Amino acid sequence: MRALRFGLLGVAALGLVLGGCSSDPCDGQSGTCVSARIEGAVTGLDQLRVSIDQLSAQMLTPTTPSAFSLPVKLAILLPASVTSPATITIDGASHGQGVATSGPQAVAFTAGGHASFTFTLVAGQVTGDGGTGDMKTGDGGASDMGFVPTPGHVSANPSTLNFPATPRGQQSAPQTITLYNLTGNTVTSVSTDGGSQGGDDFMPTSVSSSCTLVSSGVSIPAGAACDVHLVFAPQKSGTESVTMPLRFDNGDSVSVTFTGTGTPVWAAESVGAGASNTNLAGVWAMPGFAVVVGEFSGALLDQVAFTSTQAGQWMSAPTGLGSGYLGAVTGVDATHVWAGGPQAEFYSLQSTTSWTSQGLPDAGSTQAITSMWQASPTEAWAVNGDAVFEYSGSWRLAFHPLDFSGGTGFPTAVSGSGPGQIVVVGTNGYVALSGGSPLALNAFNSNSTASLRGVWQAPGGSTNVFAVGLAQTGGGPGSILHCSGAPFVCVSETAPINGDLHAISGRSVNGQLDIYAVGNLGNQVLHSTGNGTWTAVQVPSNGGMTGVYVVPNGEVYAVGSPSSGGAQITQINHLY
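Residues numbered from 1 in each chain as written. Predicted model: local features only at pLDDT ≥ 70, side-chain atom pairs only at ≥ 80, totals over all residues. Heavy atoms only, no water.

Quick word on the packing of aromatic side chains
Phase 1: A complete count under the given rule lists 14 aromatic pairs for this structure.
Phase 2: A centroid spacing of 5.3 Å and a plane angle of 85 degrees characterise the contact between W338 and W395, whose relative ring orientation is edge-to-face. Of this pair, W338 sits in strand β30 (residues 336-340) while W395 sits in strand β36 (residues 395-399); the two residues are 57 residues apart in sequence, bridging distant segments of the chain.
Phase 3: Grouped by ring-pair contacts, the aromatic residues W338, F346, F389, Y391 and W395 constitute a single cluster.
Phase 4: Seen from the ring of Y576, R168 lies directly overhead, with NZ or CZ sitting 3.7 Å from the centre. (Phe/Tyr/Trp six-rings, centres within 6.5 Å; stacked < 30°, edge-to-face > 60°. Helix = DSSP H or I, 4+ residues; strand = E, 2+ residues; numbered from the N terminus. Lys NZ or Arg CZ within 6 Å of the ring centre and 35° of its normal.)

The following block contains the structure:
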C-alpha cells in the first residue's frame, strides 16, 4: 500500500527510512501501522531489539531480538489509543558495542547499544519536532507510513473493551474505540444488535470532532477515523460480556466485544399497597423470586406474604387464614415454600397468591414458629420456643428438647448444609448439630451465655456454623459465634457496632464466604467474608431488622420490625 510519504532528515551513518520497498509488512493490516527501515554502518552488534513505548504495540517484524544486517525492515502495529509523541527504541543486544557513524548530524547508538527515534501521530500523518532522528514529511522518496487498515472497509480498533467494576445504576469512566472508514463515502452505524444481549448497558457518550453521533449510531465521513467514547452503566450486578456487530449502511459489519462487571447496590423497596409493614419477620428468596412474611398493618389480613418477580416489583398474597403472625419462611424453589405461623401451624405456598394450612403436628407445642430451613422438597425443619419439627411428607414432632443441657437452653433458630445435616441454636449460647441421623441432635457448649437468635450453616458440611444473638452486656455489641472443626469449638467474633443481633445468612462462592447479619443496628447491617472480621454496611431503611437472606447469586434481603428497636421500617432493604 502506498500512502503518506516521509523521510528522515540529517542522518548520515545510521538512519531510519520509512518504507521504501515494494512489499510492505504493514500491507493488509487493520489498525495504525508504522513501516520503516534502518540503514547505515554498524560494527560489533549481531542482534537488534526494536520496541515502542506503547504497552500493547505489536511488533510485526522483526521478531525480538533477532540477528540482523543492515538495512533492516521493521513494522509496528500500534494500539488504538496512541500516546503522542511515540518513541521507537532500538537496542543492540551486545551492550558496550558501538556504531560507526559519519557526518555532523549522524544518529548513532550509544556505547550501551541504544538509539531512539521520536514521532508524533496526527490523524493519519506522522510528524516530528525537527530534532535529529525525527520522522519528517517530505523528501518525495519511496517511503510509506500512516494508517493502514484494510482498504475499502470500516474497521474497529481495539475489538475488545474491558470496563472496570462499576456499581449498578452508575457509570464507569469512558473508554475509547476507534472506527476507521476507508470507504469513499460517509457511513453511519445503523444498529448494534445489542439490546437483546444486554448491550444497552454499554453506551456511547461522545465522539471525536471527525465524526458525529446521530440517532442511528455514528456518522463517519469518508477516509476519517472516529474515536467513540463509551461508558459502562450496569442496570444489574454481575459480569456482562457482549459481542455486538456494528452494522453500517454500506453493508460492513464489525464485531466488537464489551465486558464489565456491575457491583451490587443497596436499595429500599416498598412492599404492599397501603401496608405500613410494622412487623416483617422472615424472608426467603431465589433469583427473580422472593417471599416476605410477617404482620402487615393496613392490609386486609394480618397474615400476608409478598412475592416479587423482579427487583422492586412486589405484590400482596393474602393467606386467607385469619388473624395471626407468620414468623418464618423457607423454600427450595418457587413451588416448594413453607411458612410458619402462630400455634405451631405450617403453611405451604400453592401459587404466587395462595397458601394452604398444613395444620399442627400430631403432638407438640402451640408456640409460634420462629425459624425454618428446607433441605429439599421432602425435607424441612422448624423450631419454636420448646420444640424441633421435621417435615418428611408431613409435619411431625422430631425432637422435644425442652433444654439442650441441664434445663438451661431452648431452641430459637435452625439452619443446615444439606439433607440430614442441621444445626439448632438456642438460649444461653447452646448449639446442637445433627449427628448423622435426622433424628439425633448432639449439643455443644459454645462457651457463651448469650441468647442466640439466628444461625447459618455453610454448605459442604456441618462443622462450619455462624450464630448471632443478643448482647451479653447492656448497650454492648451483639454476640457473634463461629463454630467449626472436630472437635466442634465455638469462638467469639467482634461486631463493629453495638446492638442485639437477630438473624444471619450467607452463601459460598468458590470457597469464599459472603455473610450478612442483622439486628438492632439502625440503618446498618454487618458483613463478613468468614475471615473473623465484620464490617458495618450502610443500608437505606432504618429499623430493627429481624430477618435476612442471602441469595446464591449475591442478592440480599433484610427485613425487620420496629418492635425490636430503632425507627420503623417501611421498606425492605435489598442488595442487588
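Things to note about the state of the cysteines
Phase 1: The full count for this structure, using the stated rule, is two disulfides.
Phase 2: Here C211 is linked by a disulfide to C226, with a sulfur-sulfur distance of 1.8 Å. For the disulfide bridge between C211 and C226, the dihedral angle about the S-S bond is near 55 degrees, and by the sign convention the bridge is right-handed. Taken as a pair, C211 in the loop between β18 (202-207) and β19 (212-214) and C226 in strand β21 (residues 225-232) lie far apart in primary sequence, 15 residues in all. Across this residue pair, the class does not change: C211 and C226 are buried.
Phase 3: With its sulfur 2.0 Å from that of its partner, C483 forms a disulfide with C490. Measuring the twist about the S-S bond at about 110 degrees, one finds the C483-C490 disulfide to be right-handed.
Phase 4: C483 gets classed as buried once you look at its relative accessible area, which sits at 0%. (Disulfide = S-S within 2.5 Å. Buried < 20%, exposed > 50% of the residue type's maximum accessible area, 1.4 Å probe, protein only.)

Things to note about the nonpolar core
Phase 1: I220, V228, F248 and F258 are the most contacted members of the largest nonpolar core, which has 24 residues in total.
Phase 2: Secondary structure elements with two or more residues in this core: β13 (154-157), β16 (175-181), β18, β20 (217-220), β21, β22 (238-248) and β23 (253-263).
Phase 3: Once residues lying within four places of it in the same chain are set aside, the contact partners of I220 are L179, N181, N185, T186, V187, C211, C226 and F248.
Phase 4: In this structure, W456, L501, A517 and W534 belong to the second largest nonpolar core, which totals 15 residues. (Core = buried A, V, L, I, M, F, W, Y, C linked by side-chain atoms within 4.5 Å. Contact = heavy atoms within 4.5 Å.)

Overview of the sheet that holds β21
Phase 1: Spatial strand order, β13-β16-β21-β18: four strands in an open sheet with antiparallel pairing. Of all the strands in the sheet, the pair left with one neighbour each is β13 and β18. Between one strand axis and the next, the sheet turns by 30 degrees as a mean value, whatever way the strands run.
Phase 2: Relative to β21, β18 runs antiparallel, the two being bridged by five bridges. (Pairing = 2+ DSSP bridges. Axes fitted to C-alpha atoms, helices over the stretch in contact; angles between N-to-C directions.)

Thoughts on the sheet that holds strand β38 (residues 421-426)
Phase 1: What the four strands build is an open sheet, ordered β37-β38-β39-β40; its pairing is antiparallel. Single-partner strands in this sheet number two, and they are β37 (411-418) and β40 (441-445). On average, each strand axis in the sheet is inclined to that of its neighbour by 25 degrees, with strand direction left out of account.
Phase 2: Pairing of β37 with β38, which is carried by six bridges, proceeds in the antiparallel orientation. Paired with G418 across the two strands is Q421, which belongs to β38.

Points about unusual backbone geometry
For residues besides glycine, phi is generally negative; the peptide bonds are generally trans as well.
Phase 1: A cis amide bond, omega 10 degrees, links A486 with the succeeding residue P487.
Phase 2: With respect to the element layout, P487 can be found in the loop between β43 (479-484) and β44 (489-493).
Phase 3: With a phi angle near 55 degrees, Q343 is a residue other than glycine that sits in the positive phi range.
Phase 4: Inspection of the secondary structure puts Q343 in the loop between β30 and β31 (346-349).
Phase 5: Look at N510: it is not a glycine, yet its phi comes out positive at around 55 degrees.

Quick word on the environment of A334
Phase 1: Assignment of secondary structure puts A334 in the loop between β29 (328-333) and β30.
Phase 2: Residues A334 and F289, spaced 45 residues apart in sequence, show a C-alpha to C-alpha distance of 7.0 Å.
Phase 3: Not counting chain neighbours up to four residues away, the residues in contact with A334 comprise M286, F289 and L349.

A few points about the environment of N553
Phase 1: Here N553 lies in the loop between β49 (545-550) and β50 (556-560).
Phase 2: A relative accessible area of 39% means that N553 is categorised as partly exposed.
Phase 3: Through-space distance from the C-alpha of N553 to that of R507 is 8.6 Å; in sequence the pair is 46 residues apart.
Phase 4: If we ignore the near neighbours within four places in the chain, the residues touching N553 are P287 and R507.

Structural notes on the pattern of salt bridges
Phase 1: For the structure shown, the criterion picks out two salt bridges.
Phase 2: Its salt-bridge partner being E390, residue R396 comes within 2.9 Å of it at the nearest N-O pair.
Phase 3: Residue classification places R396 among the partly exposed positions, given a relative accessible area of 33%. (Salt bridge = Lys/Arg side-chain N within 4 Å of Asp/Glu carboxyl O.)

Concerning the side chain of D201
Phase 1: Relative to the helices and strands, D201 is located in the loop between β17 (187-191) and β18.
Phase 2: Summary of buried charges: D201 has no salt-bridge partner, and the nearest side chain of opposite charge, K236, is 6.4 Å away.
Phase 3: Within the local environment of D201, its side chain forms a polar contact with the backbone nitrogen of Q235, the two atoms lying 3.5 Å apart.
Phase 4: Here D201 is in contact with V231, F232, A233, P234, Q235 and E240, once residues within four sequence places are set aside. (Lys, Arg positive; Asp, Glu negative; His and termini not counted. Polar contact = N/O pair within 3.5 Å; in protein donor to acceptor, adjacent residues only side chain to side chain.)

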